[in-house]
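Here is how the chains run, residue by residue.
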Amino acid sequence: MGEREELGDEGFAADCKARVAFEVLANRWDSVVVFVLGEGGPMRPRALLDRIGGIGPKVLNDALRRLERNGLVERRRYSEAPPRVDYALTEAGTALLVPIRAMGTWAAHHADAVLLSQDRFATLRELPEE
């Protein structure tokens, strides 16, 4: 099956289903949370904070809510004292690991060139016009 058949007749039109995937990956922390849950299995929020690093509790909570709303993560609550909650990937979240890993491979090969280009562009924008 070719790319065109997989996307349907609309291809990459503004309202196509592929847009959903790009929106899910657009937030930088969402894909990181999915990746960490995919590598480590179900985790409590504190464990996610420790594992990810550089993310605050509110930002993590927002990401988890977004991922849960999108059906990529499920929140599991346990009837214990004190109450315990952990998060796990759903089937759709697990399937998202394939493109996330592919993007990681792309980044390993091309991130330096992209960053260099961004630096060059910023430098050119700072130069006075003649």
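Rules behind the numbers
Residues numbered from 1 in each chain as written. Predicted model: local features only at pLDDT ≥ 70, side-chain atom pairs only at ≥ 80, totals over all residues. Heavy atoms only, no water. Phe/Tyr/Trp six-rings, centres within 6.5 Å; stacked < 30°, edge-to-face > 60°. Lys NZ or Arg CZ within 6 Å of the ring centre and 35° of its normal. Buried < 20%, exposed > 50% of the residue type's maximum accessible area, 1.4 Å probe, protein only. Helix = DSSP H or I, 4+ residues; strand = E, 2+ residues; numbered from the N terminus. Pairing = 2+ DSSP bridges. Polar contact = N/O pair within 3.5 Å; in protein donor to acceptor, adjacent residues only side chain to side chain. pLDDT = per-residue confidence, 0-100.

Student: An account of the packing of aromatic side chains is needed here, citing residue identities and associated values.
Tutor: Applying the stated rule across the entire model yields 0 aromatic pairs. The cationic tip of Arg84 hangs over the ring face of Tyr78; the distance from NZ or CZ to the ring centre is 3.9 Å.

Student: Kindly report on the pairing of strand β2 (residues 84-89), identifying the contributing residues and their values.
Tutor: With 5 of 6 residues buried, β2 is to be regarded as a mostly interior element. One ladder, built from 6 bridges, connects strand β1 (residues 73-78) with β2; its direction is antiparallel. Residue pairing for β2: Arg77 is matched across the bridge by Val85. Linkage of β1 to β2, two consecutive antiparallel strands, is achieved through a turn of 5 residues.

Student: Lay out the environment of Glu80 with the relevant residues and their values.
Tutor: With respect to the helices, strands and loops of the structure, Glu80 is situated in the loop between β1 and β2. Separated by 3.3 Å, the side chains of Glu80 and Arg84 make a polar contact.

Student: Break down the confidence of the model for the chain for me, with residues and values.
Tutor: Per-residue pLDDT for the chain has a mean of 88; in total, 86% of the residues score no lower than 70. Confidence, read as mean pLDDT per element, is least for helix α1 (residues 3-7) in the chain (53) and greatest for helix α6 (residues 91-95) (97).

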